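Working through the structure, step by step
Residues per chain are reported as follows:
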Amino acid sequence: NAGVTQTPKFRVLKTGQSMTLLCAQDMNHEYMYWYRQDPGMGLRLIHYSVGEGTTAKGEVPDGYNVSRLKKQNFLLGLESAAPSQTSVYFCASNDRGRQPQHFGDGTRLSIL
Amino acid sequence: GQQVMQIPQYQHVQEGEDFTTYCNSSTTLSNIQWYKQRPGGHPVFLIQLVKSGEVKKQKRLTFQFGEAKKNSSLHITATQTTDVGTYFCAAYGGATNKLIFGTGTLLAVQP
């Protein structure tokens, strides 16, 4: 039982490049989330999904897009990467809203 | 929007000393969750408090939810080096499914 798996674990991009971060969970959870973590700022919610085919904006959605085509996968896209998007990105999931969230190991993304 | 303030930002203790981190909100919370993140790791759920005045214990960790459900605390008795990490409180904002995290308290334990 892998839980929540994020790929890739590390990535370096140049400004203006695009990329997609993948999150996969094998717990049959309905809800999935994407957070970014910056020093001294805790975790901030980017986008989330309450079920297959649905997405919603979090606190800091600008510059990111998401898709939830399959229940087990939640994709986070950066269309045109900017240095301000250098961060550690965490995916999380839970069975339903307000339940404890299970986190992946994170993706460390640097944009030069 | 809802904010969850957490203090202190950083605490350095000698092994065996006690440690407390506090979480405060300007609005009433339906529940509060606590997470621990080891250096280089990911947040791991510790506990959830729901009831006013609730106190829960996990070995050396004691969690409290305030009577007005606007604050919470985590107290560690006799810290050990394995307690090192950042402790986050988190609460759901209003009627949404958005979990709002506090800024966290980084605990360093000197052997």
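Remember, it's a predicted structure, so these values are computed and weren't measured experimentally.

A closer look at the overall build of chain A
Looking only at helices and strands, one finds zero helices and 11 strands in chain A. When the helices and strands of chain A are read in sequence order from the N terminus, they spell out β-β-β-β-β-β-β-β-β-β-β. Relative to the 2.2 N^0.38 estimate, which gives 13 Å for 112 residues, the radius of gyration of chain A is 13 Å and therefore close to what a compact globule would have. Projected onto its principal axes, the C-alpha positions of chain A cover 35 × 25 × 25 Å. Within chain A, the fraction of its 112 residues that count as buried is 49%. Total accessible area computed for chain A in this model is approximately 5200 Å², and 52% of it derives from carbon and sulfur atoms. Across chain A, 12 positive and 9 negative side-chain charges occur, with their mean positions spaced 4 Å apart.

Some remarks on the confidence of the model for chain B
Averaged over chain B, the pLDDT score is 94; the fraction of residues at 70 or greater is 95%. For chain B, strand 10 (residues 99-101) of chain B is the element with the lowest average pLDDT, namely 90, and strand 7 (residues 61-65) of chain B is the one with the highest, namely 98.

Comments concerning the state of the cysteines
Following the criterion strictly, the structure yields two disulfides over all chains and no others. One disulfide in the model links cysteine 23 of chain A with cysteine 91 of chain A; its S-S distance is 1.9 Å. Across the S-S bond linking cysteine 23 of chain A and cysteine 91 of chain A, the dihedral sits near -75°, which makes this disulfide left-handed. Here the residue cysteine 23 of chain A occupies a position in strand 3 (residues 19-25), and cysteine 91 of chain A occupies one in strand 9 (residues 87-94), the gap between them amounting to 68 residues. In this structure, cysteine 23 of chain A and cysteine 91 of chain A share a single accessibility class: buried. Each sulfur in the disulfide pair cysteine 23 of chain B and cysteine 89 of chain B lies 2.0 Å from the other. Its S-S torsion of about 75° marks the bond between cysteine 23 of chain B and cysteine 89 of chain B as right-handed, since a negative value means left-handed. One end of the pair, cysteine 23 of chain B, is in strand 3 (residues 19-25); the other, cysteine 89 of chain B, is in strand 9 (residues 85-92), and 66 residues separate them in sequence.

Considering the pattern of salt bridges
Counting across every chain of the model gives six salt bridges over all chains. When salt bridges with common partners are traced through the structure, they connect Arg36, Asp38 and Arg44 of chain A into a single cluster.

Brief notes about the packing of aromatic side chains
Taken as a whole and assessed by the stated rule, the structure comprises 13 aromatic pairs over all chains. Centroid distance tyrosine 64 of chain A to tyrosine 89 of chain A: 5.9 Å. Interplanar angle 65°. Geometry classified as edge-to-face. Of the two residues, tyrosine 64 of chain A sits in strand 7 (residues 64-67) while tyrosine 89 of chain A sits in strand 9, which places them 25 residues apart along the sequence. Here tyrosine 64 of chain A and tyrosine 89 of chain A have matching classes, each one buried. Residues phenylalanine 103 of chain A and tyrosine 35 of chain B carry aromatic rings whose centres are separated by 5.8 Å and whose planes lie at 85° to one another, so their mutual orientation is edge-to-face. Separated into two different chains, phenylalanine 103 of chain A in strand 10 (residues 102-103) and tyrosine 35 of chain B in strand 4 (residues 32-37) make up a pair that spans both. Looking at phenylalanine 103 of chain A, the relative accessible area reads 6%, which means it is buried.

A short note on the sheet that holds strand 8 (residues 71-76) of chain B
All names here are of chain B. The sheet built from five strands is open, its strands ordered 1-3-8-7-6 with antiparallel pairing. This sheet does not close on itself; its edge strands, each paired only once, are strand 1 (4-7) and strand 6 (55-58). Each adjacent strand pair in this sheet contributes to an overall mean axis angle of 15°, direction not counted.

Side note on the interface of chain B and chain A
At the interface, 25 residues of chain B touch 24 residues of chain A. Of the roughly 1800 Å² buried between chain B and chain A on both sides combined, carbon and sulfur atoms contribute 51%. Between chain B and chain A we count zero salt bridges in total. Remark: the boundary between chain B and chain A carries 10 residue pairs in polar contact (both at pLDDT 80 or more). Those elements giving two or more residues to the side of chain B that touches chain A turn out to be strand 4, strand 5 (44-49), strand 9 and strand 10 of chain B.

Rules behind the numbers
Once a new chain begins, its residue numbering starts again from 1 and follows that chain's sequence as written. Just so you know, chain letters begin at A and ligand numbers begin at 1, following the order they were written in. In view of the model being predicted, local features appear only for residues whose pLDDT reaches at least 70, and side-chain atom pairs are presented and counted only at 80 or more, with totals across whole chains, interfaces and linings using the full set of residues. The side-chain quantities take in all heavy atoms of the structure and omit both hydrogens and water. Helix and strand assignments follow DSSP, with helices taken as H or I runs no shorter than four residues and strands as E runs no shorter than two, numbered in order from the N terminus. Here the radius of gyration uses the C-alpha set of atoms, whereas the globule reference equals 2.2 Å times the residue count to the power 0.38. The classification of residues rests on relative accessible area computed with a 1.4 Å probe and restricted to protein chains. Under 20% of the type maximum is buried, over 50% is exposed, and intermediate values are partly exposed. Only the protein chains shown count as cover for residues, and all accessible areas are computed by the Shrake-Rupley method using a 1.4 Å probe. Just so you know, the count uses Lys and Arg for positive and Asp and Glu for negative, and it drops His and the chain ends. Charged side chains are reduced to one point each, which is NZ for Lys, CZ for Arg, CG for Asp and CD for Glu. The predictor's confidence in any single residue is recorded as pLDDT, a number from 0 to 100. The criterion for a disulfide is a pair of cysteine sulfur atoms lying within 2.5 Å. A side-chain nitrogen of Lys or Arg and a carboxyl oxygen of Asp or Glu constitute a salt bridge if their distance falls within 4 Å. Each pair of aromatic rings taken from Phe, Tyr and Trp, with Trp reduced to its six-membered ring, is defined by centres within 6.5 Å and is described as stacked if the planes are under 30 degrees apart, edge-to-face if over 60, and tilted in the remaining cases. Pairing between strands is defined by DSSP: at least two bridges between the two strands are required. A fitted line through C-alpha atoms represents every axis, and for helices the fit uses only the stretch in contact; the resulting angles, taken between N-to-C directions, go from 0 to 180 degrees. For this analysis, residues touch if any pair of their heavy atoms sits within 4.5 Å. Simply put, the buried area is the total loss of 1.4 Å probe accessible area from both parts when two parts are fitted together. Nitrogen and oxygen atoms within 3.5 Å of one another constitute a polar contact, given that in protein one can donate a hydrogen and the other can accept it, and given that sequence-neighbouring residues count only through two side-chain atoms.

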